[in-house]
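# Structural overview
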Amino acid sequence: MAQPIVDPMAGMGRKSLDSLRVGVVLLDATDQVVLANPAARAMGLLRAGGQPGVVSAHPVLRSLSGQVRHTGVRREVEVDLPRVGEPLGVHLRAVAIGGGMICIEAADVTEAHRVERVRRDFVANVSHELKTPIGALQLLAEGLLDATDPEASGADPATDVAAGRRFAERIQRESARLGQLVTELMELSRLQGAEPLPDPEPVSVDWVVADAVDRSRTAATAKGIELVVVGTRGLTIYGRDSQFATALGNLVENAVAYSPEGSAVIVSALADGERVDISVSDQGIGIGPADLDRVFERFYRADQARSRATGGTGLGLAIVKHIATNHGGRVDVRSRLGGGSTFTLRLPARPPDALEVSAIHEEIGQ
């Protein structure tokens, strides 16, 4: 039966133990909790007993202590403990300290585990995305060789030339898609790195909007889509102009790609206090509620078949999110299936230093 915790330490020793960021749990010869510091409690390494004030150790801790007693050898493991939301990653180290007592140290490695999961998912996703165009290129190259081999085809030379041209055009499209994927992977990797942004400079919102619209004008014209620019002119945001152009350009390109022929895509810019909101609205297929929270994830596609048909890489919105975040802003989305979507970049209208000074003045009431 679990017993109340007995504190064998006092004075500065106990204070030092309580101040540690790592969890420490001391178990007696029957695996009852003798001592546990606040960090161990915060990690959820203790369980409530049947009586008030009585606790027992997490089953993983009891299992680990049993192994140490049985072998007499120190044990170290890393595990993910279930909890609401993200699992708790802990590195556990258990050592025998005499008298059948086991001391277990627990370090929180949740962030390291999360990064490792993201890395594994990223590698798997990149491998999958690269495999598709590379496989298509291989098949098309084989088809092109067969079509241009007189002995293999035996067809009319004019027919061979036409077939060869079709294969070459498809190879060109797949190569462009592969090149776009590699370029966006490099851009996303740079945005996620520790490289600091250069000093923010004033950027004309009119220029950013014009550049983004110009990038998509050819594709929009081909589908009969009208690109409409509305809102306030002469606004300024602060950061890196090329990154703002990339972020808004990605949003406009997506809007055109997912909009039906003959519809309209509206780009608007409005001042809202100390920020500028730049929105891109379309009349496209929309996004379901279950997908709204995930559209900014790398390689996530709400409609796999439609995304591949439009040539998307699944990285555009992730790039938009990181650019907005790196500049002290954010990107929001409102959408419903069949009712179109509106993506909004909310970016600072003042330099970061000015925003900090303003916040301080508000806090002290000046």
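These lines cover the structure that appears in this document, whether it is placed above or below. Keep in mind that this is a model prediction, so the values were computed, not measured.

### Remarks on the packing of helix 8 (residues 241–257) against helix 11 (residues 316–326)
It is at 9 Å that the axes of helix 8 and helix 11 come closest, and there the two elements cross at 145°. Relative to helix 11, helix 8 is oriented so that their crossing is left-handed. Contacts between helix 8 and helix 11 involve Q243, F244, T246, A247, N250, L251 and N254 from the first element and G316, L317, I319, V320 and I323 from the second. Considering only residue class, the contact of helix 8 with helix 11 consists of seven nonpolar, five polar and no charged.

### A few points about the environment of R170
With respect to the helices and strands, R170 occurs in helix 6 (residues 157–192). For R170, a relative accessible area of 44% translates into the label partly exposed. A sequence separation of 33 residues divides R170 from L137, and the C-alpha atoms of the two residues are 8.4 Å apart.

### Points about the nonpolar core
Counting residues in hydrophobic clusters, the biggest one holds 37 residues, and the most contacted among them are L248, I278 and L345. Only helix 7 (205–222), helix 8, strand 11 (264–272), strand 12 (275–281), helix 11, strand 13 (330–335) and strand 14 (341–348) provide two or more residues apiece to this core. With seven residues, the single largest contributor to this core is helix 8. Beyond its immediate stretch of four places on either side in the chain, L345 contacts A247, L248, L251, V276, D277, I278, V320, A324, R330 and V331. Counting residues in hydrophobic clusters, the runner-up holds 21 residues, among them L27, M43, L61 and L64.

Basis of the calculations
- Residues numbered from 1 in each chain as written.
- Predicted model: local features only at pLDDT ≥ 70, side-chain atom pairs only at ≥ 80, totals over all residues.
- Heavy atoms only, no water.
- Axes fitted to C-alpha atoms, helices over the stretch in contact; angles between N-to-C directions.
- Helix = DSSP H or I, 4+ residues; strand = E, 2+ residues; numbered from the N terminus.
- Left-handed = near helix turned anticlockwise from the far one by under 90°.
- Contact = heavy atoms within 4.5 Å.
- Nonpolar A, V, L, I, M, F, W, Y, C, P; charged D, E, K, R; others polar.
- Buried < 20%, exposed > 50% of the residue type's maximum accessible area, 1.4 Å probe, protein only.
- Core = buried A, V, L, I, M, F, W, Y, C linked by side-chain atoms within 4.5 Å.

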